[in-house]
Amino acid sequence: MSTPLLLTAFLALCLFIYRRIHYHRYIQYSHIPQPPTSFIFGHMKYLHQFMSQGPPGQHIDLALVSIWHSLGRPPLFLMDLRPVGPCLCIVASHHLAEQISRSSATFPWSVPKSYTVGELKPLIGHESILIKEGQEWKDLRKRFGVGFATGHLMSLLPVVTEKAWLFMRLLERVKDEKKVVKLDKLTQGLTVDVIGEVVMEVDVGAQEELLAQPDISEHAGDYRDQELAQLGEGDDDEKGQLSNFTKIYYRLITSYSADGKPPIDWLSLLTKPFSGRRRQYLSAKVDSFLRDFVQRKHQEEYHSSQSLSSPPSTTTTTTHNSSTNPKSKKSRSILSLSLSPDQTPMSTSPSLPPQILTSTTDALKTFLFAGHDTTAILIGWVLYYLSICPRAHARITSELNTIFGEGATPANIKRQLVDGPEGGAEKVNRMVYCHAVIKEALRLHPPAGTARRAEGGTGFEVTELAGCLEKGGQEDRSEKDGQWNLDGMVLYNCATIIHRDPSVYGATVDEFWPERWLSDTTESRKEEIPAGAWRPFERGPRDCIGRDLAIIETKVVVALVHGRYEFVKVGLGEKIVDEKEGREVVDETGCCMVKEKLYTRRQITARAADGMRMKVQLAKGVVSGGLEG
Ligand code: HEM
């Protein structure tokens, strides 16, 4: 071919590529509000600029909040991260978020999950309820829903309380050692233990593991520091296997932020799939342990249901009931309920069909993952806010005194919580102010979110309702109202932005103000808050199945620890103390002023940047003495 011809072909190719890029960058989504677009970098440079303006390693949501403000708070905006990441539509209006998460004629179970959630497959499996769609998802939700019903969870209060008591023992030790700990590590131990009991009825022993460590302070090494070869070897008994399982599971989770690589979040934003051998290895180990467990559990249930006269089960599984005759007490774990013939008719055969075995194993992985980290983060924030907000602290104290009795010791409160499901449940339900604190902590720091995607060509459209007014009716936002076709894009319902919308939350949007959630209308700052503007558990058919468990668990922890300990934040979020007065400085909102704001980072979920570094000491007025007193 001659040179001019080659040159012409080359120029034609360049023109073609230029026009393609030009179309994708400037035309394809030009109907969506967006920041200035770079021909080469899309919005990556813009995002980077906002990321680097914030504190080191801040969660991307915090940068998105700033970008949203810089754009004049549109109901949605575009973040074109191609070719490194997806073309993201950030949904900032609760009206629009609702249209994505609710049932519609096109999507009866809401807009499908985005492909980006696929990054979590090593953790949650391919058949996970979190990623399945259509009838397959619906069947899974029905099978497991019964175990997550509030009534059933309340009946498990004694189990949750026992695990929270171990958490108290950990706090007791931290208090005695007077060292700084990363509270997240302890709360994670607690939540893993609770999930183990509630879902599988096994003692995973995560907190016992921590108690057995010579050092649990912030400087202690974690499971990441141990060699892989040390794990999973030489432990033939159940306890050893469970302990190894916990370690391996932690390593799998932390592999998402290991080696200085950028961590991912639920959105899996900028990270390319990381299919390292190490993660595959850990994932396979977790899978094999749980698969084996489900099979044994099924066998155990099958044999006990088959014949009353058959000898007691000889399996090695250490469950609540295996120490006693399995026939004498029916297992109430979420796993057992899901395997009952009512929920899974195929489970009446001696061995589980492969499909049920896989979906059940993946469900366990999902519950472990989705249930422990988020709840651990929530407990950390609740304890933190109570420690820096004397106003909220005083109200909780008064609420607990009313419910459990003035001056009730932790041991006494524990007895009241486990004293029959009705008694405990009634008390937990009365923790109304605590509920408001939980809601407010989740409003300010939602640990997780949802990413959805309607296939291109489905014509999926959202409409911003007309007449959205700023609080007090001062700013008419109607010029921003409109209709947008969003198919083909990754849709991110950004709870962090939605929860910080001044047009919903008014002047107190950035304040910790639990009173806004009380139905008591005498509260001066109470706002009219639409249900869709609070969505830490997301909403619609695909909302969080474990919401009640997380709330019950957090309430039990608050009831037990509040009166006995004082949590003292160290470093980020530490209180300013007036040297002359020797007192903390309280601002007009009734909360203490802090030296440097505590913020979130990404590690799959959004967690406190420093792991919630705290010191724990006895609360003022508590006389030292053992827990059992
Ligand atoms: C504070 C605690 C929690 C928060 C903030 C939270 C948040 C969320 C969010 C935002 C979703 C939607 C995810 C998506 O659309 O991709 C979700 C779904 C889910 N969560 Fe939670 N969660 C919490 C606790 C739990 C617990 C304790 C469990 C179980 C033990 C759990 C199990 C699940 C499952 C299975 C789903 C998928 C539901 C479905 O698709 O049908 N979560 N959660």
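The name recorded for the chain in an unreviewed UniProt entry is Cytochrome P450, from Sordaria brevicollis. UniProt's Pathway (unreviewed entry) comment on the chain is quoted here verbatim: "Antibiotic biosynthesis." What UniProt records for the chain under Cofactor (unreviewed entry) is the sentence "heme".

When helices and strands are tallied, the chain shows 21 helices and 13 strands. Sorting the 629 residues of the chain into buried and exposed places 45% on the buried side. Of all intrachain contacts in the chain linking residues separated by at least 6 positions in sequence, the fraction that spans at least 24 positions is 74%.

In this fold, valine 462 is placed in strand β5 (residues 461-463). Sequence separation between valine 462 and histidine 95 is 367 residues; the distance between their C-alpha atoms is 8.9 Å. For valine 462, the contacting residues outside a window of four places in its chain are Leu96, Gln99, Ile100, Trp484 and Leu486.

The positions that UniProt labels "binding site: heme" (unreviewed entry) are, in the present scheme, Cys544. Secondary-structure assignment places cysteine 544 in the loop between α20 (502-505) and α21 (547-561). In this structure cysteine 544 comes out as buried when scored by C-beta crowding, with 20 C-beta atoms within 10 Å. With near-sequence residues (within four places) excluded, cysteine 544 lies in contact with Phe537 and Glu538.

A separate point is the sheet that holds strand β2 (residues 87-91). If you trace the 4 strands from one edge of the open sheet to the other, you get β1-β2-β7-β4, paired in mixed fashion. Edge strands, defined here as strands with exactly one partner in the open sheet, are β1 (76-80) and β4 (450-453). Across the sheet, the mean angle from the axis of one strand to that of its neighbour is 25°, orientation sign disregarded.

Near the ligand you find 27 residues, and of these Gly371, Thr374, Thr450, Cys544 and Gly546 are the closest. Looking at the shell around the ligand, the elements that each hand over two or more residues are α14 (354-388) and α21. Per element, the largest residue contribution to the shell around the ligand is 7 residues, and it comes from α14.

Within the fold, lysine 175 resides in helix α8 (residues 157-177). Along the backbone, lysine 175 and alanine 608 are 433 residues apart, and their C-alpha atoms lie at a distance of 21 Å. Look past the residues within four positions of lysine 175 in its chain and what remains in contact with it is Tyr565, Val616, Gln617 and Leu618.

Glancing now at helix α15 (residues 390-404). In this model, α15 (15 residues) spans 21 Å end to end at C-alpha, consistent with the 21 Å of a helix rising 1.5 Å per residue. Of all the residues in α15, the buried ones are Ala392, Arg395, Ile396, Glu399, Leu400 and Phe404. With its buried residues spanning 140° around the axis, α15 presents them on a single face. In α15, the exposed residues that point more than 90 degrees away from the buried face are Ala394, Ser398 and Thr402.

Right, let's talk about the pairing of strand β11 (residues 600-603) for a bit. Burial along β11 is two-sided: Thr600 and Arg602 facing one way and Arg601 and Gln603 facing the other are all buried. Two elements, β11 and strand β12 (residues 605-608), share 4 bridges in a ladder whose sense is antiparallel. Directly across from arginine 602, in β12, lies its bridge partner alanine 606.

Below, the discussion takes up the sheet that holds strand β3 (residues 181-182). Read across the open sheet, the 3 strands follow the order β3-β13-β8; overall the sheet is antiparallel. At either margin of the open sheet sits one strand with a lone partner, and together these are β3 and β8 (565-569). Along the sheet, α8 makes contact with β3, β8 and β13 (613-618), crossing β13 at roughly 90°.

This part covers helix α9 (residues 183-200). Look at α9: 25 Å from first C-alpha to last across 18 residues, which is about the 26 Å you get at 1.5 Å a residue. Taking burial as the measure, the 18 residues of α9 include 18 buried ones, the bulk of the element.

Next up on the list: the packing of helix α2 (residues 44-53) against helix α3 (residues 60-70). One way to put it is that α2 packs onto α3 with a least axis distance of 9 Å and a crossing angle of 110°. Our classification of the angle between α2 and α3 gives roughly perpendicular. Between α2 and α3, the contacting residues are Leu47, Phe50 and Met51 on the first element and Ile60, Ala63, Ser66 and Ile67 on the second. Tallied by class, residues from the contact of α2 with α3 come to 6 nonpolar, 1 polar and no charged.

Before going further, it helps to spend a moment on the confidence of the model for the chain. Should pLDDT be low for a region, the predicted coordinates there are not to be read in detail. With 83% of its residues at a pLDDT of 70 or more, the chain shows a mean pLDDT of 85. In the predicted structure, residues 258-275 sits below a pLDDT of 50 and forms 37 contacts with residues beyond four places in sequence or in another chain. ipTM for the predicted complex: 0.99, alongside a pTM of 0.90.

Let us now look at the nonpolar core. Leu364, Leu378, Val382, Tyr385, Val437 and Ala559 are the most contacted members of the largest nonpolar core, which has 111 residues in total. When residues in this core are grouped by element, the largest group, 17 residues, is from α14. Once you skip the residues sitting within four places of it in the chain, valine 382 turns out to touch Val437, Ile438, Ala441, Thr554 and Val558. Ranked by size, the runner-up nonpolar core spans 42 residues in total, among them Ala63, Ala454, Tyr492 and Cys494.

On to unusual backbone geometry. In this structure, proline 83 follows arginine 82 across a cis peptide bond, with omega equal to 5°. Unlike most non-glycine residues, serine 110 shows phi in positive territory, near 75°. Considering the arrangement of structural elements, one finds serine 110 in the loop between α4 (94-101) and α5 (121-124).

For the rest of this paragraph, the subject is the packing of α14 against helix α18 (residues 432-444). Interhelical geometry of α14 versus α18 gives an angle of 110° and a closest axis separation of 9 Å. Regarding the angle of α14 to α18, the classification is roughly perpendicular. Between α14 and α18, the residues in contact are Leu378, Trp381, Val382, Tyr385 and Leu386 and Val437, Ile438, Ala441 and Leu442, respectively. Its residues assigned to classes, the contact of α14 with α18 shows 9 nonpolar, no polar and no charged.

Here is what the cut-offs are and how they apply
Residues numbered from 1 in each chain as written. Predicted model: local features only at pLDDT ≥ 70, side-chain atom pairs only at ≥ 80, totals over all residues. UniProt positions renumbered as here; feature names shortened; annotations may be inferred. Helix = DSSP H or I, 4+ residues; strand = E, 2+ residues; numbered from the N terminus. Buried ≥ 20, exposed ≤ 12 C-beta atoms within 10 Å, placed from the backbone. Contact = placed C-beta atoms within 7 Å. Pairing = 2+ DSSP bridges. Axes fitted to C-alpha atoms, helices over the stretch in contact; angles between N-to-C directions. Near = placed C-beta within 6 Å. Expected span 1.5 Å × (residues − 1). Arc of directions from axis to C-beta. Parallel < 35°, antiparallel > 145°, perpendicular 65-115°, else oblique. Nonpolar A, V, L, I, M, F, W, Y, C, P; charged D, E, K, R; others polar. pLDDT = per-residue confidence, 0-100. Core = buried A, V, L, I, M, F, W, Y, C linked by C-beta atoms within 7 Å.

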